[in-house]
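# Structure at a glance
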Amino acid sequence: MTTERIDWISHPAGPLGGELTVPGDKSISHRAIMLAALAEGTSNIEGFLEGEDTRATARIFTDMGVRIEAPSASRRVVHGVGLHGLHAPRASLDCGNAGTGMRLLTGLLAGQAFDSTLSGDESLSKRPMRRVIEPLSAMGATIESGAGGLPPLHIRGGANLRGIDYELPVASAQVKSAILLAGLYASGETEVREAHPTRDYTERMLAAFGWPIAFEPGRARLSGGHRLRATEVVVPSDFSSAAFFLVAASIVPGSRLLLRAVGLNPRRTGLLQVLRLMGADIREHAAREQGGERVADLEVRHAPLHGIDVPVDFVPDMIDEFPALFVAASVAQGATRVSGAAELRVKESDRIAVMAQGLRRLGVAIDETPDGAAIHGGAVGGGDVDSGGDHRIAMGFAVAGLVARGAVRIADCANVATSFPGFTELANGCGFALTANAPSTT
Ligand code: S3P
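Now for a description of the structure that goes with this document. (Residues numbered from 1 in each chain as written. Predicted model: local features only at pLDDT ≥ 70, side-chain atom pairs only at ≥ 80, totals over all residues. Heavy atoms only, no water.)

Along the protein, the regular secondary structure elements total twelve helices and 23 strands. Taking 2.2 N^0.38 as the reference for a compact globule, 442 residues should give roughly 22 Å; the C-alpha atoms of the protein span a radius of gyration of 21 Å, in line with that estimate. With the C-alpha coordinates aligned to their principal axes, the bounding extent of the protein is approximately 60 × 45 × 40 Å. Looking at the protein residue by residue over its 442 residues, the buried ones come to 58%. Considering only residue pairs separated by 6 or more positions, the protein has 75% of its internal contacts joining residues 24 or more positions apart. Averaging the positions of the 42 positive and the 49 negative side-chain charges in the protein gives two centres separated by 1 Å. (Helix = DSSP H or I, 4+ residues; strand = E, 2+ residues; numbered from the N terminus. Rg over C-alpha atoms; globule rule 2.2 N^0.38 Å. Buried < 20%, exposed > 50% of the residue type's maximum accessible area, 1.4 Å probe, protein only. Contact = heavy atoms within 4.5 Å. Lys, Arg positive; Asp, Glu negative; His and termini not counted. Charge placed at Lys NZ, Arg CZ, Asp CG, Glu CD.)

The subject of this paragraph is the packing of helix α1 (residues 26–38) against helix α2 (residues 52–63). Viewed as axis vectors pointing N to C, α1 and α2 meet at an angle of 10°, and their least axial separation amounts to 9 Å. On the basis of the axis angle, α1 is roughly parallel to α2. Between α1, through Lys26, Ser29, His30, Ile33, Met34 and Ala37, and α2, the contact on the second element is made entirely by Asp53, Thr54, Thr57, Ala58 and Phe61. Its residues assigned to classes, the contact of α1 with α2 comprises five nonpolar, four polar and two charged. (Axes fitted to C-alpha atoms, helices over the stretch in contact; angles between N-to-C directions. Parallel < 35°, antiparallel > 145°, perpendicular 65-115°, else oblique. Nonpolar A, V, L, I, M, F, W, Y, C, P; charged D, E, K, R; others polar.)

To continue, consider the sheet that holds strand β9 (residues 150–155). Pairing in this open sheet of four strands is mixed, and the strands run β6-β7-β9-β8 from one edge to the other. The sheet terminates laterally at β6 (93–94) and β8 (143–146), the two strands that pair on one side only. Across three bridges, β8 lies against β9 in antiparallel orientation. Across the sheet, the residue bridging to Glu144 is His154, located in β9. (Pairing = 2+ DSSP bridges.)

Here we take up the environment of Glu194. Checked against the element boundaries, Glu194 lands in the loop between β11 (189–193) and α6 (201–208). On the accessibility criterion, Glu194 (8% relative accessible area) is buried. Taking the C-alpha atoms as reference, Glu194 lies 29 Å from Asp94; in sequence the two are 100 residues apart. Sequence-distant contacts of Glu194, defined by excluding residues within four places in its chain, comprise Leu168, Lys176, Gly218 and Arg219. Here Lys176 takes part through its side chain, which lies 3.1 Å from a polar atom of the side chain of Glu194. (Polar contact = N/O pair within 3.5 Å; in protein donor to acceptor, adjacent residues only side chain to side chain.)

Printed below as a string of structure tokens:
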């Protein structure tokens, strides 16, 4: 989807200051479009993430006959067609870079009367889909994949889905959600159990759209045959986008930032706890409910960080935050050890390998393990790194550049638009010195 090649240079800078609002939550924006499309009536979505991933999901529903209006930036009005009102798409459905889009849609499309095909960009085409194909097949779906369980996925319509009782073998909200969405169309009860609770947005949003569902951390249960009713969705700011600014202000001396109305769902805020254990000074102000989610303004001030052993139980609650954490660990005093995070190897890139390679180029000592790393904090140097086309790694290295001894050139940053449109402007507005489209030597 992203064709233009963009490289960045992040120059040492700071202190950082000001108040900012990061864009809407990616996970919630995907789900809001999906459930609003299947609901009866017109839903309003406020705070929708105008990122490439979530726009791809909206386009897919337009391709299946759903009218979606965008009266202004970050707003969508979705004219729901009901659970059985989607039309067969004329061509394959392009999920872009979005694993969430593809995996959730696989479950949802398994329940339709028509055949469909899901495809994605180069990165998504390398991501494992067996984790959704297996449970959905056990429910009665027929899904063909490319070799090795990779996209594209061909989903046969007209299946008679049956409910399932499934224990997740990997901690994955995407797999859980795919099964629950298929469960809307299945006969009988669908139950998903998880040893490590993951984000519960699908469960919460199904309840908000009026679908009877029972859920608690580690367990969700619903049955088919109900209806979704249109509602208003207010999307909070994405904690995963705020994370880069939490780390940036923590590591740049003299900094103080206020991040407004950040979503603080406990299944997302592992990094907050880990940064505090490392010595960070992050305070929550004006905690409140917004659209059924807890939000607060986060005030972060520079504080000296020290390395820790990241508790394994925190890993699912910070699964998207490891690029940011690795940067914080690089400037912390002592070693930070991460384990139990093998899932990082199958994200938008192999985040352990790509981060380790880039940090080594900046002179950071890091030992890779199959399921994590030990990062030995100290000074960060300038140099050339490659994001591997991974949005979060690009933003992580932009943060590293703030405290590096020289400029950090970051290759392949266009995919930042998948999750955080306007990152460079927002970052420069609070004190980064980030320039785009510089020639890279990597
Ligand atoms: C997501 C779940 C996580 C996360 C991803 C978004 C979601 O993926 O990494 O960015 O919205 O459900 P996994 O389910 O693969 O852990």
